[in-house]
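The chain contents come next:
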Amino acid sequence: FNQHGGGGGRSSGILHMDNSASGPATPIISITPYVGKWTIQGRLTVKGNMRFYKNQKGEGRLFNIDLMDSTGDIRGTFFNDDADKWYSSLEDNKVYRVQGGTVKPANKQYNQTRSEWEITFGRDTTFEPLDEKAAPKVSYQFVKIDQVEQLEVNSIIDILGIVQHADPLSEITVKSGANAGNKISKRDVTIVDQSGKSIRLTLWDEAKDKVNESDNSAPVIAIKNCKVGDFQGKNVSTTRSSMVQVNPDMPDAHQLRGWYDFQGKNAAFTSVGGGGGGGMRDPRKTISQIKGENLGHGDKPDYFTMRGWVSFIKKDGTWCYAANPKNKKKVIENGDAWLDESTGEILASCERRYILGAVASDHTGSHWVSAFNDQGIKIMGGRSADEVFEINHSEGESSFNGLFQENNFKPYVFKLRAKSETWQDESRVKVVVQDITPLNFKDGSAELLNLIRAYNP
């Protein structure tokens, strides 16, 4: 279809074209302000939501798209009337022939495509849908997992791996920005390759549904434009500009599949960063070492990891608190509403957040730990405090107690923070759960094998 601004309404129709019919396409890598007329033939990999803004010039609306061809990808933005005109017409993962727009330097604070430029589309912009046969072949520059450790944080790379383990979906609460207070879903998976290393990969948005925890086929996953992070060690994650393929038909993927089926599935892998098997950078400790090594008694907190289980979750007394969904501060009941004393705001509803007390155990002993909301959700099997509170009031004490009981004795890798505190003239070590990840037995076994090899060089 071809749409033009002005006049009374939009024309739409399916227009199939091949490259030769309208002249050669301009490679995205060649798009600059110095190229006069250009034509992009590429796949629309990302379509953002319509967003509203307000500045000194007034109010407006916009949405972004990312286009990708075999040479790279580039961000484009529609504003106001042009945004209205195109928003409902353009579709994710479709192939288009695009002409018209103003090229300017990319704002890398918000633009994670690899191009140094971005496009503002206008009234003369045209988009023509193409057959899949006209789709550009996406080129990858895969980085081996063992090389990620040396890369700078926020680097954008392509990666290929076998999904060795996938966690269930989990939720986090956005802490800042326009979506602050909203919950979004993600999935953490562990991937491996021929380098003998594993790494944690976090899948966001639609990518989280590409694999699931019940799939034991160890699929190959290829990601173009994933981001390197360093939370609990080096890791990678998808972005809004990522392209994700599962079991892609490409030589590198077939080679990886063959290696894993005939050799890799029996190999021991070590993690380059955070992961269920305990590749975290903080030292591994046991419960007995908290006391034996006086952890938490120094000037600064001690951070360490522990492999164990939650043996008891305290449900009596305060296991959650009522919070302002915007700032997470405590609120109190005020008639049929809620009062945030810190701001004076009256709220129609509140958000309940975990402040769990639990006992963490391993083969050497047990210790009380505290777990706040994000970690509490993981301990409680993915249920939010609001859900548990509602079950207590709608289904009764038996169902409520059962939720706590059913989440005991599950194996985890804990990241813990220990610091001595004084209360009523008595010093005690408070241990707080910083993160908690289901134990990946394959990665855990690899870690133990490496320890054995260290003692038997």
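Above this note sits the structure.
By convention here, each chain's residues receive numbers from 1 onward along its written sequence. Local features are withheld for residues below a pLDDT of 70 in this predicted model, meaning they are given only at 70 or higher, and side-chain atom pairs are given and counted only at 80 or more; totals for whole chains, interfaces and linings count all residues. Excluded from the side-chain calculations are hydrogens and water; all other atoms, namely the structure's heavy atoms, are used.

A word on the overall build of the protein
Applied cut-off: Note on conventions: DSSP H or I runs of at least 4 residues are helices, E runs of at least 2 residues are strands, and numbering of each starts at the N terminus. Only protein chains enter the accessibility calculation, which uses a 1.4 Å probe. A residue is then buried if its area is under 20% of the maximum for its type, exposed if over 50%, and partly exposed in between. Whether two residues are in contact is decided by their heavy atoms: any pair within 4.5 Å suffices. Surface accessibility follows the Shrake-Rupley procedure with a 1.4 Å probe radius. Residue values consider only the protein chains on display as shielding.
In terms of regular secondary structure, the protein is built from seven helices and 24 strands. Scored against the burial criterion, the 457 residues of the protein give a buried share of 46%. In the protein, the share of contacts with a sequence separation of at least 24, taken over all contacts with a separation of at least 6, comes to 64%. As displayed, the protein offers around 23800 Å² of accessible surface, 48% of which is attributable to carbon and sulfur atoms.

Quick look at a negative patch on the surface
Selection rule: Residues enter patches when their relative accessible area tops 30% and they take part in no salt bridge; the joining distance is 9 Å for like charges and 5 Å for the nonpolar side chains Val, Leu, Ile, Met, Phe, Trp and Tyr. Salt bridge, as used here, is a side-chain nitrogen of Lys or Arg placed within 4 Å of a carboxyl oxygen of Asp or Glu. Positive charges come from Lys and Arg alone, negative charges from Asp and Glu alone, with His and the N- and C-terminal ends not counted. For the purpose of locating charges, the reference atoms are NZ of Lys, CZ of Arg, CG of Asp and CD of Glu.
A contiguous patch of negative charge, built from Glu91, Asp92, Asp205 and Glu206, is present on the exposed surface. Checked against the element boundaries, Asp205 lands in the loop between strand 12 (197–204) and strand 13 (220–229). Judged by its relative accessible area of 40%, Asp205 falls in the partly exposed class.

What about unusual backbone geometry?
Positive phi outside glycine occurs at Asn154, with the angle close to 80°. Along the polypeptide, Asn154 turns up in the loop between strand 8 (126–129) and strand 9 (156–166). For Asn154, a relative accessible area of 48% translates into the label partly exposed. Unlike most non-glycine residues, Asn294 shows phi in positive territory, near 55°. You can see Asn294 is positioned in the loop between helix 3 (287–292) and strand 16 (302–313).

What to know about the packing of aromatic side chains
How two aromatic rings sit relative to each other is given by the distance of their centres and the angle of their planes. Condition: Stacked, tilted and edge-to-face pairs are distinguished by plane angle, under 30 degrees for stacked and over 60 for edge-to-face with tilted covering the rest, among Phe, Tyr and Trp rings (Trp via its six-membered ring) whose centres lie within 6.5 Å.
Taken as a whole, this structure holds 19 aromatic pairs when the rule is applied. Ring centres of Phe400 and Phe404 lie 5.0 Å apart, and the angle between their planes is 65°; this geometry places the pair in the edge-to-face category. Residue Phe400 and its partner Phe404 are both found in helix 6 (residues 397–406); the two are separated by four residues, about one turn of the helix. Of the two residues, Phe400 and Phe404, both sit in the buried class.

Some thoughts on the side chain of Thr26
Tracing the backbone through its elements, the reader meets Thr26 in the segment before strand 1 (39–47). Excluding residues that lie within four positions of it along the chain, Thr26 makes contacts with Ile31, Trp38, Thr39, Ile40 and Asp69.

Thoughts on helix 2 (residues 251–262)
Put simply, the test is: To estimate how far a helix should reach, multiply one less than its number of residues by 1.5 Å. Of all possible arcs, the one meant is that of the directions from the helix axis to the C-beta atoms.
With 12 residues, helix 2 ought to run about 16 Å at 1.5 Å a step, and its terminal C-alpha atoms sit 17 Å apart, in line with that. Among the residues of helix 2, those classed as buried are Ala253, Leu256, Trp259 and Tyr260. Mapping the buried residues of helix 2 onto a view down its axis gives an arc of 130°, with all of them on the same face. Along helix 2, the residues that are exposed and aim more than 90 degrees away from the buried face are Pro251, Gln255 and Phe262.

A few points about the nonpolar core
Applicable threshold: Residues belong to a common nonpolar core when they are buried Ala, Val, Leu, Ile, Met, Phe, Trp, Tyr or Cys residues joined through side-chain atoms within 4.5 Å.
Residues Trp319, Tyr354, Leu356, Met380, Val388, Phe404 and Phe414 are the most contacted members of the largest nonpolar core, which totals 32 residues. The residues touching Phe414, leaving out its near neighbours within four places in the chain, are Phe304, Thr305, Met306, Gly308, Trp309, Val310, Ala360, Val433, Asp435 and Ile436. Counting 21 residues, the second-largest nonpolar core is a separate cluster that includes Ile157, Ile159, Val163 and Ile221.

Concerning the sheet that holds strand 20 (residues 345–347)
Here is the rule: Should DSSP find at least two bridges between two strands, the strands are taken to pair. Here the axes come from fitting lines to C-alpha atoms, over the contacting stretch only for helices, and the angles between their N-to-C directions go from 0 to 180 degrees.
Within the open sheet, the three strands sit side by side as 18-19-20. Their pairing is antiparallel. Two strands in the sheet have a free side with no partner beyond their single neighbour: strand 18 (332–334) and strand 20. Adjacent strand axes in the sheet meet at a mean angle of 40° when their direction is disregarded. Relative to strand 20, strand 19 (residues 337–340) is paired through three bridges, and the arrangement is antiparallel. Bridge pairing in strand 20 links Asp340 to Glu345.

As for the pattern of salt bridges
The final tally for this structure, using the stated rule, is 16 salt bridges. In this structure, the salt-bridge partner of Lys378 is Asp435, at a minimum N-O distance of 2.8 Å. With a gap of 57 residues between them, Lys378 in helix 4 (residues 373–379) and Asp435 in strand 24 (residues 426–438) connect regions that are remote in the sequence. The exposure class assigned to Lys378 is partly exposed, which follows from its relative accessible area of 27%. Via salt bridges that share partners, Lys183, Lys328, Glu351 and Arg353 belong to a single interconnected network.

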